[in-house]
Amino acid sequence: MLLLFAVAACSKKESKVEQESCSKESKGKSFKMYQMSEMSTLMEQMYVDNQRLKTRILKGDTIGKFPNHFLKIHSAVMTDPTENDLFFKEQAQRFIAAQELIYKDPKNAKQHFNDGVNSCIQCHEEKCGGPITRIKKLYIP
């Protein structure tokens, strides 16, 4: 019982110190909430959709229908609009073509899926390298 009281007292003391520390650091500073661009949001959704698709392919489940919201890749607003150049447009077209083939040719879904992942990586190597490690996790061995 005494031990429980001591732990509780320490927890309260630590959280009060943390609160004071945070309030001292934040005085005089304004914080801005990060707003994802339309393209970033779309890419996050495509990643989740492809994780699910990968699972279906690995299990041998039915593939389903091509997610038409993927086509927004051609019109979604980017964080930096100058990045929507010819290179990006070509890579986006390759990605969409590979994705569509998964649904049109499900016997070769694994190859088409990995081709789509390749197009993502090739584009991100040129444009925004941050998510490459994450994207590589989509590959189907």
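Treat the numbers as computed from the prediction; the structure is a model and nothing was measured.

Visitor: Please clarify how the pattern of salt bridges should be interpreted in this entry.
Guide: Oppositely charged side chains are able to pair whenever their charged atoms sit close together. Per the stated rule, a full pass over the model turns up 4 salt bridges. Taking the shortest distance from any N to any O, the salt bridge between Arg134 and Glu44 comes out at 3.0 Å. With a gap of 90 residues between them, Arg134 in helix α5 (residues 132–136) and Glu44 in helix α2 (residues 38–59) connect regions that are remote in the sequence. Classification of Glu44 by relative accessible area gives partly exposed; the value is 35%. A salt bridge links Asp49 to Arg52; the shortest N-O distance between them is 3.8 Å. In this pair, Asp49 and Arg52 are both assigned in helix α2, 3 residues apart and thus about one turn of the helix distant. On the basis of relative accessible area, Asp49 is assigned to the buried category, the value being 14%. One salt-bridge network, in which partners are shared between bridges, spans Glu83, Asp85 and Lys127.

Visitor: In this structure, what is going on with helix α3 (residues 86–104)? I would like to understand it.
Guide: The end-to-end C-alpha separation of α3 is 27 Å, in line with the 27 Å expected for 19 residues at 1.5 Å each. Buried within α3 are the following residues: Phe88, Gln91, Ala92, Phe95, Ile96, Ala98, Gln99, Ile102 and Tyr103. One face of α3 carries all of its buried residues, which in axial projection span an arc of 160 degrees. Relative to its buried face, α3 has exposed residues pointing more than 90 degrees away, namely Leu86 and Lys104. If you follow the buried residues of α3, they end up packed against α2 and α4 (109–126).

Visitor: What is the right way to read the packing of aromatic side chains from this model?
Guide: How two aromatic rings sit relative to each other is given by the distance of their centres and the angle of their planes. Tallied over the entire structure, the rule returns 3 aromatic pairs. Judged by centre distance (6.0 Å) and plane angle (75 degrees), the rings of Phe66 and Phe70 are edge-to-face. On the numbers, 5.9 Å between centres and 80 degrees between planes, the contact of Phe66 with Tyr103 is edge-to-face. Of this pair, Phe66 sits in the loop between α2 and α3 while Tyr103 is found in helix α3, placing the two residues 37 residues apart along the sequence. According to the relative accessible area criterion, Tyr103 is buried, its value standing at 16%. Looking at Arg134, its charged tip hangs above the ring of Tyr47, at a distance of 3.9 Å from the centre.

Conventions and cut-offs
Per chain, residue numbering runs from 1 following the sequence as it is written. A pLDDT threshold of at least 70 governs which residues receive local features in this predicted model, and a stricter bar of 80 or more applies before side-chain atom pairs are shown or counted, although totals over entire chains, interfaces and linings include all residues. Note: side-chain values were computed over all heavy atoms of the structure, leaving out hydrogens and water. When a carboxyl oxygen of Asp or Glu is within 4 Å of a side-chain nitrogen of Lys or Arg, the pair counts as a salt bridge. Labels follow the DSSP assignment, with helices taken as runs of H or I lasting at least four residues and strands as runs of E lasting at least two, numbered in each case from the N terminus. Accessible area is worked out with a 1.4 Å probe on protein chains only. A residue is then buried under 20% of its type maximum, exposed over 50%, and partly exposed in between. Helix span, expected: 1.5 Å multiplied by one less than the number of residues in the helix. An arc is given here, and it is the one of the directions from the helix axis to the C-beta atoms. By the convention used here, residues are in contact when the closest approach between their heavy atoms is within 4.5 Å. Note on aromatic pairs: the rings of Phe, Tyr and Trp (six-membered ring only in Trp) are paired at centre separations within 6.5 Å, and the planes decide the class, stacked below 30 degrees, edge-to-face beyond 60, tilted for the rest. Charge-over-ring contacts are defined here by two conditions on Lys NZ or Arg CZ: a distance within 6 Å of the ring centre and an angle within 35 degrees of the ring normal.

Without other data, these values stay purely geometric and don't point to any function.
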